[in-house]
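Chain residues, written in single-letter form:
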Amino acid sequence: MGDKPKVFIDGREGTTGLQIYERLSGRSDIDLLLINEVKRKDVDERRKLINEADLVFLCLPDDAAREAVSLIENDNTRVIDASTAHRTHPDWVYGLPELRPEQRGKIVSARRVANPGCHATGFILSVYPLIALGVIPTDYPLTCFSLTGYSGGGKSMISNYGEGKTDAMYAPGVYALELHHKHLPEMIAVTGLTRPPVFCPIIDDYYKGMATSITLHNDLLPKRMTASDILAELSNYYSGQRYVKVNPELGSGTLYSNWGAGTNDLEITVSGNNDQTLITARFDNLGKGASGAAVQNMELMLGLGALEFGV
């Protein structure tokens with residue numbers, strides 16, 4: 001591209017959109033298109049900016065994201081959708097560069113990229129390689145619990161914790177008790193699981209940070225591996241990655257869920273023994289779990305050098 005690529009954030013007022021804006025506003029290698037505040041819901045004005053842009057971030061509810069895609073008339077406009085609307089769509093590339101060796105190249109050449117969900121990011125980066133390596137069968141009865149800061153709930157949740165907090169909200173809260181969390185479809189589709197995991201998300205009284213854990217009974221694994229064996233497999237799989245690292249030691253003591261806040265880093269810690277294994281991915285739910293990942297995908301798609309979050 002001769003000129004600087006033009007980038008537009010549709011839905012800049014939400015938590016993810018604001019975070020992306022903060023990461024992009026100081027960059028000199030892009031031209032950030034801004035919508036007049038009074039016209040931010042004006043379809044014609046949004047259509048104009050979407051089609052003027054080389055790349056558009058969609059930080060919108062699912063239906064609004066689908067509507068935004070329908071406004072695209074310029075074949076050169078590329079999209080990163082931060083909603084759940086397209087994460088299992090066959091025509092969209094899943095925006096997780098570390099997933100497998102060829103995923104980065106798919107993102108680089110993609111016209112449409114679906115940014116992963118926060119819980120899904122930790123789950124998939126823990127589970128996908130173990131399935132690909134034959135450590136976990138696709139019908140394994142997985143259980144996952146995922147602790148998150150309240151910023152993942154968006155503006156209303158942030159407001160509730162900041163201004164309207166009840167006594168109960170000082171303690172962790174188990175939610176999505178119907179076991180149909182909105183991230184489950186991508187967790188299943190991307191990993192290839194044939195048996196849905198039992199997924200238990202937990203929200204707690206801190207702003208950002210996430211710890212997503214899966215548990216394994218080693219005697220149910222086809223290769224009867226130990227926790228140390230699984231640590232070695234994951235360490236080898238993610239060797240050389242910039243943002244995804246595996247703790248070289250088996251877990252001990254305490255893992256705090258606000259690790260990595262303010263970064264795009266994700267650390268996987270394997271804990272356990274010969275009989276049982278606990279795998280925990282810790283990262284910023286607003287970083288590698290949302291806006292940081294979106295900026296990383298943008299840099300890949302536009303061929304930009306890394307600044308804050310990068311490739």
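Use the structure listed above.
These lines cover the structure that appears in this document, whether it is placed above or below. Counting of residues starts from 1 at the beginning of each chain's written sequence and follows it residue by residue. Only residues with pLDDT of at least 70 get local features here, since the model is predicted, and only at 80 or more are side-chain atom pairs given and counted; chain-wide, interface and lining totals rely on the full set of residues. Note that water and hydrogens are dropped before the side-chain values are worked out from all heavy atoms of the structure.

Helix and strand assignments come from DSSP, with helices taken as H or I runs of at least 4 residues and strands as E runs of at least 2, each series counted from the N terminus. A count of helical and extended segments in the protein gives nine helices and 13 strands. On C-alpha atoms alone, the protein measures out to a radius of gyration of 20 Å, which is about the 19 Å that the 2.2 N^0.38 rule sets for 311 residues. Along the three orthogonal principal directions, the C-alpha set of the protein runs to about 60 × 50 × 30 Å. Looking at the protein residue by residue over its 311 residues, the buried ones come to 51%. Long-range pairs, those at least 24 residues apart, make up 69% of the contacts in the protein between residues at least 6 apart in sequence. Carbon and sulfur atoms make up 49% of the accessible area of the protein, which totals about 13600 Å². A positive count includes Lys and Arg, and a negative count includes Asp and Glu. His and the chain ends are not counted in either. The atoms used to mark charge sites are NZ of Lys, CZ of Arg, CG of Asp and CD of Glu. Taken together, the 30 basic and 38 acidic charged side chains of the protein have centroids lying 3 Å from each other. In this setup the radius of gyration rests on C-alpha atoms only. A globule is expected at 2.2 Å times the number of residues raised to 0.38. Only protein chains enter the calculation, and the probe is 1.4 Å; a residue is then buried if its accessible area is under 20% of its type maximum, exposed if over 50%, and partly exposed in between. Working rule for contacts: check all heavy atoms of both residues, and any pair within 4.5 Å makes them a contact. Accessibility throughout is a Shrake-Rupley quantity obtained with a 1.4 Å probe, and a residue counts as covered only by protein chains that appear here.

All right, on to the sheet that holds strand β7 (residues 143-149) then. By definition, two strands form a pair when at least two bridges between them are found by DSSP. The seven strands are arranged β8-β9-β7-β10-β13-β12-β11 in an open sheet whose pairing can be described as mixed. Of all the strands in the sheet, the pair left with one neighbour each is β8 (173-174) and β11 (244-246). The pairing of strand β12 (residues 266-272) with strand β13 (residues 276-283) spans seven bridges and is classified as antiparallel. Within β13, the position partnered with S271 by the bridge is L278.

Pairing between the strands of a sheet comes from backbone hydrogen bonds, and it takes one of two forms, parallel or antiparallel. Read from one edge of the open sheet, six strands run β2-β1-β3-β4-β6-β5, paired in parallel fashion. Because the sheet does not close on itself, it has two edges, and the strands there are β2 (31-33) and β5 (93-94). Note that strand β1 (residues 6-10) and β2 share three bridges and pair parallel. Bridging from a neighbouring strand, F8 pairs with L33 of β2.

What follows concerns the pairing of β12. Burial analysis of β12 places six of its seven residues in the buried class, the great majority of the element. Here three bridges tie β11 to β12, and the two strands are oriented parallel to one another. Directly across from V246, in β12, lies its bridge partner I268. Between the end of β12 and the start of β13, which pair antiparallel, lie three residues.

The next subject is empty space enclosed by the protein. A cavity here means a set of points on a 1 Å grid, drawn over the protein atoms and nothing else, where a 1.4 Å probe fits but cannot get out; a pocket is an open set with protein on both sides within 12 Å along at least five of seven lines, and a residue lines either one if it has an atom within 4 Å of a point. Grid points are joined across faces, edges and corners, and a volume is the space filled by probe spheres set on the points. In the structure shown here, the tally under the stated rule is one cavity of 30 Å³ or more. Taken as a whole, the largest cavity spans an internal volume of roughly 30 Å³. As for the largest cavity, its lining consists of F8, I9, R12, L32, L33, L34 and I35. Mapped by element, the contributors of at least two residues to the lining of the largest cavity are β1 and β2. Residues are grouped as follows: Ala, Val, Leu, Ile, Met, Phe, Trp, Tyr, Cys and Pro are nonpolar; Asp, Glu, Lys and Arg are charged; all remaining types, including Gly, are polar. Grouping the constituent residues of the lining of the largest cavity by class yields six nonpolar, no polar and one charged.

Our next topic: the nonpolar core. Core analysis: the biggest nonpolar cluster contains 40 residues, and F123, I124, I230, L234, I268 and I279 have the highest contact counts within it. Where this core is concerned, the elements lending two or more residues are α5 (118-132), α7 (184-191), β10 (210-217), α8 (227-237), β11, β12 and β13. With nine residues, the single largest contributor to this core is α5. For the purposes of this section, nonpolar cores are sets of buried Ala, Val, Leu, Ile, Met, Phe, Trp, Tyr and Cys residues that join through side-chain atoms within 4.5 Å. By size, the runner-up hydrophobic cluster in this structure holds 21 residues, among which are I20, C59, V295 and L300.

So, about unusual backbone geometry. With the exception of glycine, the majority of residues adopt a negative phi angle, and the majority of peptide bonds are in the trans configuration. Positive phi values are uncommon outside glycine, yet A176 reaches one of about 55°. If you trace the backbone, A176 turns up in the loop between β8 and α7. Residue class for A176 comes out buried when judged on its relative accessible area of 19%. Positive phi outside glycine occurs at R224, with the angle close to 50°. With respect to the secondary-structure elements, R224 resides in the loop between β10 and α8.

It is worth spelling out the pairing of strand β9 (residues 198-204) at this point. Among the seven residues of β9, five are classified as buried, and the element is accordingly described as predominantly covered. Looking at chain direction, β7 and β9 are connected through seven bridges and run parallel. In the strand pairing of β9, C144 is matched with F199.

This part covers the side chain of D284. Its location among the elements puts D284 in the loop between β13 and α9 (287-302). Whenever a nitrogen or oxygen atom comes within 3.5 Å of another N or O atom, the pair is scored as a polar contact, on the condition that within protein one atom can donate a hydrogen and the other can accept it, and that pairs from neighbouring residues in sequence are kept only if both atoms are in side chains. Within the structure, the side chain of D284 is placed 2.8 Å from the backbone nitrogen of L286, a separation counted as a polar contact. Aside from chain neighbours lying at most four places away, what touches D284 is K208, G209, W259, G260, A261, G262, T263, D265 and G289.

What follows covers the environment of T269. Mapped onto the elements of the fold, T269 is located in strand β12. In the structure, T269 is positioned 21 residues away from P248 in sequence and 8.0 Å away in space, judged by C-alpha atoms. Not counting residues up to four positions away in its chain, the partners in contact with T269 are N247, G251, L255, L278, I279, T280 and R282.

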